[in-house]
Amino acid sequence: MTSYYPPITYIVPEAEDGWLLKAILLRRMHVSRKLQSRLKLTEQGITLNGRRVYTSVPVQAGDEVAIRMEQETSDDILPQPIPFEILYEDEHILVVNKEAGMIVHPTHGHYTGTLANGVVDYWRQKGEAFRFRAVHRLDQETTGVLAIAKNPYVHQHISEQMIGNRVDKTYLALVHGTPEPPEGEIDGPIDRDPEEPHRRIVTPDGYPSRTKYRVLESWADGSLVRLNLETGRTHQIRVHMTSIGCPLIGDKLYRHDVYKDIESQGSDPGNEAEAHVSLMPSFARNIVLLDRAIPRQALHAFELSFEHPVTHEKMTFQAPMPEDMRELRELLREGHYS
């Protein structure tokens, strides 16, 4: 017997009397054609006043349209008791505060130890059946707010909001130097680096990419910056901040240009004995010491806002700055890195 999630319903108003059911599904309930096709395959997938009907039938004011999705599980993800912090949960959405070092979803070479493994185990312990669907991704070393959809309708709805630029994603970063001007927008197309395909670069032939930023605090050697993504390219913040000469502190992939000078002199900045950090000019020394003060890029997904796909309420979730970034901020305030 097919098991379904609780129905998502819509009452037809007077203004929509006579509309076709498929128009209500698409234009009012925002059920994609792909999902409609999927729902038609089940007995209770699409109903009108509790009865299964063709989507080509007209509706009347006061009718109840309902969609029901089959319960799913992530059978390809091994449940593991991995702790994670929950910021919010209802029957449609799970929002967590991802910690540094945690991969979101199993990948080649990383089948276990991911956030997905922990979430699937958490649902199993509660006796619930959901498929793991992260609505966006965070880099392994980036911390903060991450939303997970519990069914395909919610995932599709939030994805459409992202495409329509109706999801607000705010990040906090600690960067080398201070951006000039202190508030602005970086409009730099991004694509793969042809010499190092795992990296991204700003290039005229890249994909349109825009990041808004504002300096919240600045010190002699770095700044705390608030960033809002207008697009969602891979490594976008890291690439854009590097492109304006203010790379993220601790970022091992997108490093400050000073490392090029260090390496050109035959030194290894990752080896204190070889790099002779104490003999470096103060500017270069401070950059190297700050990068060593945190084991990852200092980037945190601070806030996420979107419309709830079912209640249509505007929801905002925040995760406080993690301890390692708070300690780095204090270090920058004090100005003593050795």
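Scroll up a little and you will see the structure.
Just so it is clear, the model here is predicted, and its values are computed rather than measured. (Residues numbered from 1 in each chain as written. Predicted model: local features only at pLDDT ≥ 70, side-chain atom pairs only at ≥ 80, totals over all residues. Heavy atoms only, no water.)

### A look at the environment of Gln-297
Examined against the element boundaries, Gln-297 turns out to sit in the loop between α8 (282-292) and β15 (299-307). Along the chain, Gln-297 and Glu-141 lie 156 residues apart, while their C-alpha atoms are 6.7 Å from each other. Reaching out from Gln-297, the side chain makes a polar contact with the side chain of Thr-142 at a distance of 3.2 Å. (Helix = DSSP H or I, 4+ residues; strand = E, 2+ residues; numbered from the N terminus. Polar contact = N/O pair within 3.5 Å; in protein donor to acceptor, adjacent residues only side chain to side chain.)

### Looking at empty space enclosed by the protein
Counted by the stated rule, this structure contains two cavities of 30 Å³ or more. Approximately 40 Å³ is the volume attributed to the largest cavity. Looking at the largest cavity, the residues that line it are His-136, Leu-138, Val-145, Lys-169, Thr-170, Tyr-171, Ala-301, Phe-302, Glu-303 and Leu-304. Of all the secondary-structure elements, those providing two or more residues to the lining of the largest cavity are β9 (168-176) and β15. Of the residues forming the lining of the largest cavity, the biggest block, four residues, is contributed by β15. Grouping the constituent residues of the lining of the largest cavity by class yields six nonpolar, two polar and two charged. By volume, the second largest cavity amounts to about 30 Å³. Among the residues forming the lining of the second largest cavity, the class breakdown is three nonpolar, two polar and one charged. (1 Å grid on protein atoms, 1.4 Å probe; cavity = no way out; pocket = protein on both sides within 12 Å on 5 of 7 lines; lining within 4 Å. Points joined across faces, edges and corners; volume = space filled by probe spheres on them. Nonpolar A, V, L, I, M, F, W, Y, C, P; charged D, E, K, R; others polar.)

### Topic: the pairing of β15
Counting buried positions over the nine residues of β15 gives eight, a clear majority of the element. Note: strand β8 (residues 143-149) against β15, two bridges, orientation parallel. Residue pairing for β15: Thr-143 is matched across the bridge by His-300. Bridge count for β9 against β15 is six bridges, and the pairing is antiparallel. Each residue of the ladder has a partner; that of Thr-170, found in β15, is Glu-303. Relative to strand β16 (residues 314-318), β15 is paired through five bridges, and the arrangement is antiparallel. Bridge pairing in β16 places Ser-305 opposite Thr-316. What sits between β15 and β16 in their antiparallel hairpin is a turn of six residues, with His-312 showing a positive phi close to 65°. (Buried < 20%, exposed > 50% of the residue type's maximum accessible area, 1.4 Å probe, protein only. Pairing = 2+ DSSP bridges.)

### Overview of the pattern of salt bridges
Two side chains of opposite charge can pair, provided their charged atoms sit close to one another. A full pass over the atoms with the stated rule returns 17 salt bridges. Close ionic contact of Arg-28 with Glu-16 constitutes a salt bridge, the shortest N to O distance being 2.6 Å. Taken as a pair, Arg-28 in helix α1 (residues 21-28) and Glu-16 in the loop between β1 (8-11) and α1 lie far apart in primary sequence, twelve residues in all. By relative accessible area, Arg-28 is classed as partly exposed at 31%. Overall, Glu-16 belongs to the buried group, its relative accessible area being 6%. Within this structure, Glu-89, Lys-126, Glu-128 and Lys-150 form a network of salt bridges that share partners. (Salt bridge = Lys/Arg side-chain N within 4 Å of Asp/Glu carboxyl O.)

### Here's the deal with the nonpolar core
Judged by nonpolar contacts, the single largest core of 67 residues is most densely connected at Met-29, Ile-67 and Phe-132. With 15 residues, the next largest nonpolar core counts Leu-289, Ala-298, Met-325 and Leu-328 among its residues. (Core = buried A, V, L, I, M, F, W, Y, C linked by side-chain atoms within 4.5 Å.)

### Overview of α1
Because each turn of an α-helix spans 3.6 residues, side chains separated by three or four positions end up pointing in the same direction. Taken together, the buried positions of α1 are occupied by Leu-21, Ala-23, Ile-24 and Leu-25. In this structure, the buried side of α1 is in contact with β1, α2 (33-39), β2 (46-48) and β4 (64-67). Trailing α1 by a residue or two, His-30 shows a phi angle of about 60°, which is positive. (Contact = heavy atoms within 4.5 Å.)

### Considering the side chain of His-176
Residue placement: His-176 occurs in strand β9. A polar contact of 2.8 Å, which involves the side chain of His-176, links it to the side chain of Asp-291. When sequence neighbours within four positions are dropped, the list of residues in contact with His-176 reads Asp-221, Gly-222, Gly-245, Cys-246, Pro-247, Leu-248, Ile-249, His-256, Ile-287, Leu-290 and Asp-291.

### Comments concerning unusual backbone geometry
In this chain, Glu-180 is followed by Pro-181 through a cis amide linkage whose omega measures 0°. In this fold, Pro-181 is placed in the loop between β9 and β10 (183-187). Backbone geometry places His-30, a non-glycine residue, at a positive phi of 60°. Accessibility expressed as a relative area gives 32% for His-30, which makes it partly exposed. In this model, His-235 sits at a positive phi of 60°, which is unusual for a non-glycine residue. Residue class for His-235 comes out buried when judged on its relative accessible area of 15%.

### What about the pairing of strand β13 (residues 210-218)?
Examined bridge by bridge, β10 and β13 share five bridges and lie antiparallel to one another. Considered in β13, the bridge of Glu-183 is made with Arg-214. Where β13 meets strand β14 (residues 222-229), seven bridges bridge the pair, whose relative direction is antiparallel. By the bridge assignment for β14, Val-215 is matched with Val-225.

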